[in-house]
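# Structural description and commentary
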Amino acid sequence: MGPKGEDIDFTIIYLTLGFLLFALFVIFFITIYRLRLNRHLKERVQMKLKFDHALLQTQIEIQEHTFKNISQEIHDNIGQVLSLAKLNLNSFPENTEPTVQTKIDDTKHLVAKALRDLRDLSSSMHGDKIAELGLQAAINAELRILQNTGQFTTHLQITGNTYSLDTQKEMVLFRMVQEALHNAVKHSKAKNIEVMLQYDPATFSLSVSDDGIGFNAAKLQVTDTGIGLKNMQNRAALIGANFELNSSAGNGTKISIQLKNSTNYTAQGI
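Attention here is on the structure that accompanies the text. Residue numbers here run from 1 along each chain, matching the order of that chain's written sequence. Reporting of local features is limited, given that this is a predicted model, to residues whose pLDDT is at least 70; pairs of side-chain atoms are given and counted only at 80 or more, and all residues count toward the totals for whole chains, interfaces and linings. Side-chain descriptors were evaluated using all non-hydrogen atoms of the structure, hydrogens and water having been removed beforehand.

This brings us to unusual backbone geometry. Non-glycine residue Lys189 carries a positive phi angle of around 60°. Put simply, DSSP marks the helices as runs of H or I at least four residues long and the strands as runs of E at least two long, and each gets a number from the N terminus on. With respect to the element layout, Lys189 can be found in the loop between helix H5 (167-188) and strand E2 (192-199). On the basis of relative accessible area, Lys189 is assigned to the exposed category, the value being 69%. Only protein chains enter the calculation, and the probe is 1.4 Å; a residue is then buried if its accessible area is under 20% of its type maximum, exposed if over 50%, and partly exposed in between.

Here is the structure:
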């Protein structure tokens, strides 16, 4: 082969190497671009999650502040007025007319009951008092309020060795229970309501169930009547809990919440 043939061979080799190097450069560039794009997308997702978390946190803090103000107003204003009314009734002299005395006594009992109910309601709205009571006692008090209406039979079931969760998480869980109980009272036409707390070493589970009329859960999630449900879903997301709702027409409703126990708990017994 002469010099011309060798030149052609070298040219082909150089061109081939050039194309290979160019192809490697393109592949390298695309790989770097994809890595940067993926990192950017992940950063955006993380930023959105942080923003959503901060927004939920702010919303819940505003709600808690509102509850606290309402609780204080109930205690300071309505409670004091009823307390004065009770004192005035107690200052009445015994009436010789049995019918009049019976009405006075009945009014005393009604005012005393209104005071007790208001105190329970005020406590159930005041976050600091709920934190002092703890999750179990706070839920039990809430169920007692419903039981005292005479319209519901309530039950609190606890299984496993109990342990304390983070204070904020217990507050969020309690508010979710309140929301579920409110929905049951307002919509379910139930007679029996049960709250179950299950303490496993790795997972804490909570459920609220009733024997009411039930509803189409899928439909509720996309209508305006699902605002309470959305509120519970948001609260569950805030503390990293799994939220599940099961209901169908005629079969009652059950709301379940599962939360991983990330702390080293100390079993307290039941």
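Below, the discussion takes up the packing of aromatic side chains. The criterion for an aromatic pair is that two Phe, Tyr or Trp rings (for Trp, the six-membered ring) have centres within 6.5 Å, with stacked assigned to planes under 30 degrees apart, edge-to-face to planes over 60 apart and tilted to the rest. The full count for this structure, using the stated rule, is 2 aromatic pairs. Arranged with centres 5.1 Å apart and planes meeting at 85°, the rings of Tyr163 and Tyr199 form a pair that is edge-to-face. Remark: Tyr199 occurs in strand E2 and Tyr163 occurs in the loop between strand E1 (153-160) and H5; sequence separation between them is 36 residues. Judged by its relative accessible area of 2%, Tyr163 is buried. On the accessibility criterion, Tyr199 (4% relative accessible area) is buried. One aromatic cluster is present, formed by Tyr163, Tyr199 and Phe204 through successive ring pairs.

Before going further, it helps to examine the nonpolar core. Grouped together as the largest cluster of nonpolar side chains are 37 residues, with contacts concentrated most on Ile139, Leu173, Val195, Phe204 and Leu206. Those elements that provide at least two residues to this core are helix H4 (135-148), H5, E2, strand E3 (203-210), helix H7 (227-238) and strand E5 (253-260). A total of 9 residues in this core trace back to one element, the largest contributor, which is H5. In this description, contact between two residues means that some pair of their heavy atoms is separated by no more than 4.5 Å. Aside from chain neighbours lying at most four places away, what touches Leu206 is Ile139, Leu173, Val177, Met196, Leu197, Ile255, Ser256 and Ile257. Side-chain atoms within 4.5 Å link the members of a nonpolar core, which is a set of buried Ala, Val, Leu, Ile, Met, Phe, Trp, Tyr and Cys residues. Leu82, Leu89, Val111 and Leu115 belong to the second-largest nonpolar core, a separate cluster that totals 5 residues.

This part covers the pairing of E2. Of the two faces of E2, the one lined by Ile193, Val195, Leu197 and Tyr199 is fully buried and the one lined by Asn192, Glu194, Met196 and Gln198 carries no buried residue. Here, any two strands with at least 2 DSSP bridges between them count as paired. Of the pairings in the sheet, the one linking E1 to E2 comprises 8 bridges and is parallel in character. Looking at the pairing, Leu156 lines up with Val195 of E2. With strands facing away from the observer, any crossover in which the path from the first strand over the helix to the second runs clockwise is taken as right-handed. Handedness of the E1-H5-E2 crossover: left-handed. Hairpin geometry of E2 and E3 is characterised by an intervening segment of 3 residues between the two adjacent antiparallel strands.

Function cannot be inferred from these measures alone, as they are strictly geometric.
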